[in-house]
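As a plain string of letters, each chain reads:
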Amino acid sequence: VVDHAAVEGNDVTGLKLFVGARGADHGSDNNGAAYVVPGPISGERWLADETRLWKGLDGDSTGYAGATVAVTDLDADGQSDMVVGAYLSNGQRGAVYLVYGPITGGGELVDADVVWAGGYDSSNGNGAKLGYAVVGLGDVTGDGQADFAMSEPIGKSGTFSSAGNVYVLAGGESLPSNLAYAPTVISGAGSNGQAGDSLADAGDLDGDGTSDLVLYGELAARLFFGPLPSGATTDDADATFGSGLDT
């Protein structure tokens, strides 16, 4: 089952299609996979025939690697970098994997260039579901580099359970493997708001030269104009669309 796909046309080697298949079985049921399909693309293509296959963790049954996929160029080398989310990995804690381009072959996601692991809320027994949403962004931090974001909608924020957290990581920098050191975090303002249920690059809506971010949480879409603050809650959004959740 194909769950998510992203197209990148700026790669120096031509157009590529990045495909996630969370239900793929590679050593375990539904451990999932992500595929890089080079162009030109025409007619019928079978993912089983693709050699640029990145498998979910063996033994991570229903980890759902490839449930979300994004493309960006974090190191500004003109090559597409692939971000893969596996939000049910490791007991629903979730995980996100970054594979730098050029991606000329396949492998195991456990061997990705950077791996981020989601957390666990002992107060309610829930995993954070890191990687539920991932998105490649323009420059939302104001440093001139492409960025990307990932979310854990069941993550805890302070004393708020399932408030949700969105982590924005800046391109052109050394990326922290521990999200506690992420340079930009937007958290839900109350329990059960699940901030980061979905994420989107909003482009440059205010025309200031930096990209903007939209996240969904607390029953509303929240718009944040770039450059983003280093720390914020959903209450700090520049615009809110929807009914919102009484926090």
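Scroll up for the structure.
Residues numbered from 1 in each chain as written. Predicted model: local features only at pLDDT ≥ 70, side-chain atom pairs only at ≥ 80, totals over all residues. Heavy atoms only, no water.

Caption draft 1: How the structure looks around the overall build of the protein chain. Along the backbone of the protein chain there are one helix and 20 strands. The burial tally for the protein chain puts 49% of its 247 residues in the buried class. Residue pairs in contact within the protein chain that sit at least 24 positions apart in sequence constitute 48% of those at least 6 positions apart. Of the roughly 10,400 Å² of accessible surface on the protein chain, a fraction of 47% belongs to carbon and sulfur atoms. (Helix = DSSP H or I, 4+ residues; strand = E, 2+ residues; numbered from the N terminus. Buried < 20%, exposed > 50% of the residue type's maximum accessible area, 1.4 Å probe, protein only. Contact = heavy atoms within 4.5 Å. Areas by Shrake-Rupley, 256 points an atom, 1.4 Å probe, with all protein chains shown as cover.)

Caption draft 2: A look at the sheet that holds strand S14 (residues 165-170). An order of S12-S13-S14-S15-S19 is seen for the five strands of this open sheet, with the pairing classed as mixed. Two strands bound the open sheet, and with one partner strand each, they are strand S12 (133-137) and strand S19 (231-233). For this sheet the average axis-to-axis angle between neighbouring strands, irrespective of direction, equals 15 degrees. (Pairing = 2+ DSSP bridges. Axes fitted to C-alpha atoms, helices over the stretch in contact; angles between N-to-C directions.)

Caption draft 3: Structural detail: the pattern of salt bridges. Considering all chains together, one arrives at two salt bridges under this definition. Between Lys156 and Asp121 there is a salt bridge; the shortest N-O distance is 3.9 Å. Taken together, the residues span a long stretch of sequence, with Lys156 in the loop between strand S13 (147-152) and S14 and Asp121 in strand S10 (residues 120-121) at a distance of 35 residues. Here Lys156 falls in the partly exposed class, since its relative accessible area comes to 39%. (Salt bridge = Lys/Arg side-chain N within 4 Å of Asp/Glu carboxyl O.)

Caption draft 4: Just the sheet that holds strand S18 (residues 220-224), in detail. Across the sheet, which stays open at both edges, the four strands sit in the order S16-S17-S18-S20 with antiparallel pairing between neighbours. The sheet is open, and its two edges are formed by strand S16 (198-203) and strand S20 (239-242), each paired on a single side. For this sheet, the mean angle separating the axes of adjacent strands, direction not counted, is 20 degrees. Relative to S20, S18 is paired through four bridges, and the arrangement is antiparallel. Residue Ala220 lies in a different strand from S20, and its bridge partner there is Gly242.

Caption draft 5: Region of interest: the packing of aromatic side chains. Evaluation of the coordinates by the stated rule reveals three aromatic pairs. Measuring from ring centre to ring centre gives 6.0 Å for Tyr64 and Tyr87, while their planes differ by 65 degrees; the resulting arrangement is edge-to-face. One end of the pair, Tyr64, is in the loop between strand S4 (53-55) and strand S5 (68-72); the other, Tyr87, is in the loop between strand S6 (81-86) and helix H1 (89-92), with 23 residues separating them in the sequence. Overall, Tyr87 belongs to the buried group, its relative accessible area being 12%. Relative to Phe148, the ring of Trp116 lies with its centre 5.6 Å away and its plane at 55 degrees, an arrangement referred to as tilted. Remark: Phe148 occurs in strand S13 and Trp116 occurs in strand S9 (residues 114-117); sequence separation between them is 32 residues. Residue Trp116 is classed as buried on the basis of its relative accessible area of 0%. (Phe/Tyr/Trp six-rings, centres within 6.5 Å; stacked < 30°, edge-to-face > 60°.)

Caption draft 6: Structural context of the nonpolar core. Trp116, Met150, Leu169 and Leu179 are the most contacted members of the largest nonpolar core, which has 17 residues in total. Among the secondary structure elements, those contributing two or more residues to this core are strand S7 (95-99), S9, S13 and S14. Setting aside its immediate chain neighbours within four residues, Trp116 contacts Gly94, Ala95, Val96, Leu98, Leu130, Phe148, Met150, Leu169, Leu175, Pro176, Ser177 and Leu179. (Core = buried A, V, L, I, M, F, W, Y, C linked by side-chain atoms within 4.5 Å.)

Caption draft 7: How the structure looks around the side chain of Thr234. Relative to the helices and strands, Thr234 resides in the loop between S19 and S20. Here the side chain of Thr234 touches Glu218 through a polar contact of 2.8 Å, side chain to side chain. Beyond its immediate chain neighbours, meaning those up to four positions away, Thr234 contacts Ile186, Ser187, Gly188, Ala189, Ala195, Leu215, Glu218, Arg222 and Phe224. (Polar contact = N/O pair within 3.5 Å; in protein donor to acceptor, adjacent residues only side chain to side chain.)

Caption draft 8: Broad picture of a negative patch on the surface. Together, Asp204, Asp206, Asp208, Asp235, Asp236 and Asp238 give the surface a local cluster of negative charge. Within the secondary structure, Asp235 sits in the loop between S19 and S20. (Patch = residues over 30% accessible without salt bridge, like charges linked within 9 Å, V, L, I, M, F, W, Y side chains within 5 Å. Lys, Arg positive; Asp, Glu negative; His and termini not counted. Charge placed at Lys NZ, Arg CZ, Asp CG, Glu CD.)

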